[in-house]
Each structure stands twice: as C-alpha cells, then as structure tokens.
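Reading the structure
Chain by chain, the residues:
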Amino acid sequence: MLLIGQATVKGTVKDARTREVLPFVNVLLEGTTLGATTDLEGRFTIAGVRPGLYNVLVSSVGYERLTVFEVQLSSARPTVLELELKPSATELEVVEITRQPFQRTVESPLSVRTIGSAEIMRNPGGNRDISRVVRALPGVASTPSFRNDIIIRGGAPNENRFFLDGIEVPTINHFSTQGSSGGPVGLINVNFIREVDVITGAFPAARGNTLSSVFEFKQPEGNTEKRTMTFMLGSSDAGFTFDGPTGPNASTILSIRRSYLQFLFQALKLPFLPIYNDAQFKHTIRMGDKGRLTFLGLGAYDNLDLNRSSLDGVTDPVTIERNQYILGNLPENVQWNYTVGARYDRFVTKGFHTFVASRSMLSNTSQKYRYNDPSDASGLLLDYESQEAENKLRYEATMNFGAWRFIGGAGYERARYTTDTYTQRVVSGVPLIVDYDSKLTFDKYAAFAQIGRSFNKLSASLGLRTDWTGLGGELGDPLQQFSPRLSLSYAVSDAVNINANVGRFFQLPPYTVLGYRIGDQLANIDNGIGYIRADHVVAGVEYFTSFSTKFSVEGFHKWYDRYPLLVAKGVSLANLGGDFGVVGNELAVPTSDGRAYGVEFLVQQRLYKGFYGILSYTYVKSEFTNADGSYVPSSWDFGHIVNLTGGKRLPKNWEVGVNWRFQGGGPYTPFDVGTSSLIPVWDAAQQGIPDWSRINTLRLSSFNQLNARVDKRWYYERWTLNLYFDIENILGSPLTGSPFLDVVRDAAGLPLVDPNDPSRYQTKLVENISTTRLPSIGVMVEF
C-alpha cells in the first residue's frame, strides 16, 4: 500500500506598507475547513494537509482581503509563504472585497497580467518555458517557428526588459539573437519562479529603457527548515535543483541543467547539433525584521555545431534539400552569458529602501566557411566575435505617507561593447567585405520619481523619469529623454474598474547599432542615432465576478519616433530580430517612424473548484516607415490573435489541459532572385537576398495549433513524483514560415551554373512548412 504523505504550509503576515508583523490574521485553505490565525509575531502554521494545489485566503480587520492562487503543497517539504496585506480605506471594518482577487498597483492599474509557477509548469505546449507560456496572454504574438521571440502589441522583440527579483537580466534565452532578445530555449528555471508580472503598458517610472513590456520575475525564498532536492528529466534536457537552509538566517536555491538534444539530432540526421547548459542560484540572508540581503546569479553556455554527417545514408530528397541548405548558410556558434547581482532591502516604518548592484555579460562568436571547409582561407565568409558588459547600481525608496505612495530613486551603469567583425555582405547587389574592430565604453544615468494615492473611488499616479548617457549630444541631455506618465483608475463598483494610462517612454538602441564603426568613427552616433521614443495611450474596463473570474477589454495606441533606419537596406530596424545571428551592426540613421494600435479582450478564470482557463483575443496593426517615408506593415503585423487555455484538476492527482492558438499570417519580404543568383553574390551570402524595395509586401497564411498535456502526481511520505505527457501541434496543422531561396545542386551538393547565363547559379524557391507533432515526456522527483 502506498503511503500518502501530509503537507504543511506556514509563513508570516506583514503590513505591506510598514512591514510590521500582523497578529490575529485569518489564513484559510479554500475548499477546506483547514486554517490558522497568526500569533503575536505574525506567524501561522497549517499542518496535516493533503498534498495538492490550493488557494490561500487571508483576511484581517482593517486590511484588504488577499487571495494567493494555486499554492502547491508537497509532502517533500513545508511550503513557506511571506504574505503582505494592504491597509483598507476603512480601517475599522473587515473588508469583504471578494470580487477583485487579481493584484494591481496604483502605478500600473492596467496592462498587467500575473502568471504563477503552477500555470507555467502545466501549460500545454509551453515546455516549462515562460517565453512560450506568455503567448496565452492578450497582446502577445509569436513567429510560427520554434523560437521564443516575445512580440507585444506590435513591437519588435528587442523592446522588452526582464527583471529577476528587481535585478535586470538582459538575456533570458539560449542561443539569443544579439541586438534582440529571442532564442529557441528559455534559460530561467521554473522551479525558481514564484510568479511573473507581465507589464505591457503603464510602465512604472522605476523601470526604464523599454518600449513594449517589462517582465518582473519573482523568485521564492529558499526553504529555511529542510534541505530538499529536485531532479527533472525532460524531452530535451536534465536538471537538478537544491533548496534549503545554509546558515542560521540564510537559505539557498541552486540549479544546474544540461541538454542532450545533440544526441537526438544526431540520430535524426538533423544538420545542426545544439548543446546548452545553464545554472542559477539565489542566496538570501535575513537580517532580523528590518533587513534582507539577496545574492543571485543566472548564466548559460551554448554551443552550436554543424552535423556534417547529416547527409550520410539519407535518400529522402526533401531531407537532403533541407540539410544542404542549412549546412550551406548556418554558422557555427559559441555563446555564453551571465548576470550576478546583490540586493539589499532595508525596511523602515513608512516603507523600505532598496540597493541593487549587478554585472551582466554576453559573449558571442560565430564562424562560417564556404562549403564548411576551414582549410580554405579564401572561403571565410564570417568571423565574428563580440562582447557586451554592463555594471549597474540602482537605489529605490518606496515610502507611504498616509494615503500617498511615493517611489523614487536613481541609477548608474557602466557599459562596454567590443566587436571584431569580418563578414561578406551584399550591398546594393554587390558583395563587399566588411572588416572592422570597435570598442565602445560609456556611462548611463537615470533618475525617477512617482507619486500616487487613492481618492475614494479614484486612484491616480504621476511618474517622471529621465535617462541619459556620457556620449554627449542629445544622448547626454536629460531633458531630451524626459519621460512623464499618468495612470488613472476609477472604481465604478466593487466589480467594475475603468483604467487609463498615457506616457512617453524611451529606449537606447542595441549596442550593435551604437558601436558600429567606419574607420575610426562611430558612424551611427555621428549620424544622430539616439534614444528611440514611443508615446503610449491605453484605456480599458475590467469586471470581476464572485468566483475568481476577470473580464477585461483594453485599447492601445503607440507612436514611435527616431527608430534607426538601416541605410543599405532602406528598412527600419524595427522589422528585424526574429532570426538567429546579429542585427543592427550596420550604417543607420534615426529617421524611421512607426505606429501600433489595437484592442485586446481577456477572460481569465483562476483556479475555482478545480477549473482554470484563459481566453484572449487581440487585434493589432503595426506599421513602420522605411526609406521612402511611407508606412508599410511591419514584420509583427499579425492582425487577429486568439488563445484559449484551459484545464481541470481531476481526482487522484490527475490534471489535463489544452491550449489552442490562432494567429494571422505575418508579412514577409520576397527575394531578389536576379541578384541572389549571381555567382559572386551567392558565394558571399550563401542564401537569398531579400528585395528590400518590396519589404513585407507578401503575407504568410494564418496558422492554428492545438496542444495537450496530462500530468499525474504521486505524494509519498517524504518524496513526490510528477510525470507529464505533452503533445505540441497534436493535429499536425501546417505552420508556414517564409520560404527560402536555394541553388540547384549536383550530387556532391555543389551549386549548378545556369546553362542559359553562366554568370548565375540555377535557383529554386523552397516552401517552409512544418506539420510536425512534438510529443514530450517529463519526470520530476522531489525529495
């Protein structure tokens, strides 16, 4: 007979403003008769609980009621919660706000969605990857490929910023695109995530250098009572996590992960062999009730090799064609990155002070030879090496003065970018050799303040921010990047809110743009490249039901100004970033404008009687100007986007979930076949040259995809076992990407010369359609 262990949940409850412990607070597990009341030190313990997923209800006289959704209770370790209650407007009554369990702030009353760790882990087709899970939210689009590009409200993938416990993390994907943010696999361990706030508008003043979104990853505190370990074996990697006390007032969470995809790809005769490794840690030291010091780190080492034996023994012509093309143009790549940082929080009577110091670094090297023959020095097509390093300091004060809430602070950053670039590039139909070294070191500064309060049913928040650099000119003028923002929220009733925000936001272009040199000159800075500006207007209505359901509709409009225009291509940088490699390392001028607008609908059901789900619909229009000054659809102009995710927790710890996604086809640019087929051009590029004069004049077909997942958990006395089976694209629906142009090859894989024109190769257009079903099985053991 199997032993079913019991779970324990414990923690402390504090005042969200003063950080003082709160006695006599009621803490209940929804759907049970189990609960507890905090003692004089604000502590509570609920023991003898059947393991599983619970909503935790917290209430006290004079405070707003709090619901913590989907807390996983395990027999392997006690679950520790640190809860904070906000004082209510009526301090002598028990507040019964039962219709607004979704957390919000006066600074960002709209365009904020929160995803818990349980939602990330169980998301069908998400593969425990936050970059994929957020696709279920309104306003979020993706490319029809295996990449993790995050495209929000018609903005480019490089317009997003990521924070891990308040420390900025520039890179969250393996094999990331330098100058952008996407990649095929996320590197943040889900076991480290308590919840994620995805802010797609109404950015708080404390978060700058973004135009489309801010991701706030919140990690749990380490276990202070018992050391536990988790082993995870997924479809593509294996990982190990340690969680436990490492001193009388300290705890540590540590994880490592390594992929084994290279062995699977080798067996399947795929033309490339990716290997990725990552590590993550969080160490917390509690300094009494008034202080907390946190150290964290996140790093990755990735290697992409070509599988030169992928053609051996292969007879299928489609596979041969695909492998020959990829082997011909894909470079070998080594990339590593890390972020390490420290955060100190000092709690005072009216709020708290936060001090943050961090260092981030990215190293990216790529090399490519014609016919993959390194013995032929004349065949060198690409030899690229680059590093980006950022050292950051930030101070924030969060204070409460009666009904007023104030947040203010400043930031400093020392940035360094280096590159040694050799590449053969086609410019205006002519192959050229681009060979330059560049080093750019400069300082960045920021100052911000935001104040807000509630006036009965109306709440308002006004924020001011400015960013500038030590590069001089407009880049060094704080007034040029003056960034005001105003948020308003009106409570029509306890179930209905009307919200709005207007703001001006700035973002510095990628280092690849700023550090581009011609001779000794920083050509793009000399051309006036500076901060990109975006003006946002967002408004919406939300309605809450008494059974943890939210209905909302939001409209948005973004106006872009001073986006870099790539001179040789004649197109806006905003259209690039959805592919591997490097973007932005070429001549540019700040003359591109843009606009993105649309509407979003959301229905979200938090866990209620075992059911949960999200239904979202987005209509988005995204356009940017190019060399001729006219607006054309951007690469992120997807039109209609629909997402439906739902699931049910079944008896005996079974859980099933489905996800269905529909997205309109994105625009793409046709090839200039005449130029591409020229022998010198193809020998230099090894791929088709887009006809940039017809940018995004063609459009892919829309696609839809159905994913399904089944989870089963076993709870033993001192350990737990979780198995899952996930199928992505279960119906085998066609996912159409941009076609690619290839040359006709002989039996040895060499290009064939056009018999009618000996100055050209024979070319052909190859469809890029996938109907692959991707099953995966995972095992997680916690002990």
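Residues numbered from 1 in each chain as written. Predicted model: local features only at pLDDT ≥ 70, side-chain atom pairs only at ≥ 80, totals over all residues. Heavy atoms only, no water.

**A few points about the sheet that holds strand β15 (residues 195–199)**
Taken in spatial order, the five strands of this open sheet run β8-β15-β16-β11-β12, and their pairing is mixed. Single-partner strands in this sheet number two, and they are β8 (112–116) and β12 (167–168). In terms of strand pairing, strand β11 (residues 160–164) meets β12 through two bridges, oriented antiparallel. Bridge pairing in β12 links F163 to E168. (Pairing = 2+ DSSP bridges. Helix = DSSP H or I, 4+ residues; strand = E, 2+ residues; numbered from the N terminus.)

**Re the packing of aromatic side chains**
All told, the structure shown has 23 aromatic pairs when counted by the stated rule. The interplanar angle of 80° and the centroid separation of 5.4 Å between the aromatic rings of Y563 and F624 together place this pair among those described as edge-to-face. In this pair, Y563 sits in strand β33 (residues 549–566) while F624 sits in strand β36 (residues 611–625), placing the two residues 61 residues apart along the sequence. In this structure, Y563 and F624 share a single accessibility class: buried. (Phe/Tyr/Trp six-rings, centres within 6.5 Å; stacked < 30°, edge-to-face > 60°. Buried < 20%, exposed > 50% of the residue type's maximum accessible area, 1.4 Å probe, protein only.)

**Observations concerning the pattern of salt bridges**
Applying the stated criterion across every chain, the model contains 51 salt bridges. As a salt-bridge pair, R132 and E728 come within 3.9 Å of each other at their nearest N and O atoms. Of the two residues, R132 is situated in helix α2 (residues 130–133) and E728 in strand β43 (residues 720–728); the sequence distance between them amounts to 596 residues. E728 sits in the buried class, given a relative accessible area of 18%. Of the charged contacts, one joins R745 and D742 as a salt bridge, the two residues approaching to 2.9 Å between their closest N and O atoms. Considered together, R745 and D742 belong to a single accessibility category, that of buried residues. Several salt bridges share partner residues, and in doing so they unite E82, D165, E221, K282, R286, R292, R343 and D345 into one network. (Salt bridge = Lys/Arg side-chain N within 4 Å of Asp/Glu carboxyl O.)

**What to know about the pairing of strand β32 (residues 532–544)**
Bridge count for strand β29 (residues 496–507) against β32 is twelve bridges, and the pairing is antiparallel. Counterpart to F505 in the pairing with β32 is A534. Judged from the twelve bridges that link them, β32 and β33 form a sheet pairing that is antiparallel. Bridge pairing links V538 to F556 in β33. Remark: four residues form the turn of the hairpin made by β32 and β33, two consecutive strands paired antiparallel; S548 in that turn has positive phi of roughly 65°.

**Focus on a negative patch on the surface**
A cluster of acidic residues, D383, E385, D420, D435 and D437, forms a negative patch at the surface. Position of D435 relative to the elements: it lies in strand β26 (residues 430–455). (Patch = residues over 30% accessible without salt bridge, like charges linked within 9 Å, V, L, I, M, F, W, Y side chains within 5 Å. Areas by Shrake-Rupley, 256 points an atom, 1.4 Å probe, with all protein chains shown as cover. Lys, Arg positive; Asp, Glu negative; His and termini not counted. Charge placed at Lys NZ, Arg CZ, Asp CG, Glu CD.)

**Side note on empty space enclosed by the protein**
Tallying each qualifying case throughout the model produces five cavities of 30 Å³ or more. There is about 930 Å³ of room inside the largest cavity. For the largest cavity, the lining is made up of 49 residues, of which R161, E168, N209, E390 and K392 are closest to its centre. When contributions to the lining of the largest cavity are tallied by element, the ones reaching two or more residues are β11, β12, β22 (332–348), β23 (351–369), β24 (380–401), β25 (404–427), β26 and β27 (458–469). Of the residues assigned to the lining of the largest cavity, the class counts are 21 nonpolar, 17 polar and eleven charged. Reported here for the second largest cavity is a volume of approximately 170 Å³. Forming the boundary of the second largest cavity are 14 residues, of which E119, R122, N123, I614 and T645 lie nearest the centre. Here the lining of the second largest cavity gets three residues from one element, more than from any other, and that element is β36. Of the residues contributing to the lining of the second largest cavity, the split by class is seven nonpolar, four polar and three charged. (1 Å grid on protein atoms, 1.4 Å probe; cavity = no way out; pocket = protein on both sides within 12 Å on 5 of 7 lines; lining within 4 Å. Points joined across faces, edges and corners; volume = space filled by probe spheres on them. Nonpolar A, V, L, I, M, F, W, Y, C, P; charged D, E, K, R; others polar.)

**Considering the sheet that holds strand β4 (residues 43–49)**
Strands sit in the order β4-β1-β7 across an open sheet of three strands; the sheet is mixed. Two strands in the sheet have a free side with no partner beyond their single neighbour: β4 and β7 (79–85). If you compare each strand with its neighbour and ignore which way they point, the axes differ by 20° on average. (Axes fitted to C-alpha atoms, helices over the stretch in contact; angles between N-to-C directions.)

**Observations concerning the confidence of the model for the protein chain**
Per-chain confidence: the protein chain averages 92 in pLDDT, with 98% of residues scoring 70 or above. Scored below 50 in pLDDT, residues 90–99 shows 24 contacts in the model against residues more than four places distant or in partner chains. (pLDDT = per-residue confidence, 0-100. Contact = heavy atoms within 4.5 Å.)

**Comments concerning the nonpolar core**
If you look at the biggest cluster of nonpolar residues, it comprises 45 residues, and the most contacted ones within it are L211, F442, L514, Y560 and Y563. With four residues, β33 is the single largest residue contributor to this core. In terms of nonpolar packing, the next biggest core, distinct from the first, is built from 29 residues, V133, I167, L187 and I614 among them. (Core = buried A, V, L, I, M, F, W, Y, C linked by side-chain atoms within 4.5 Å.)

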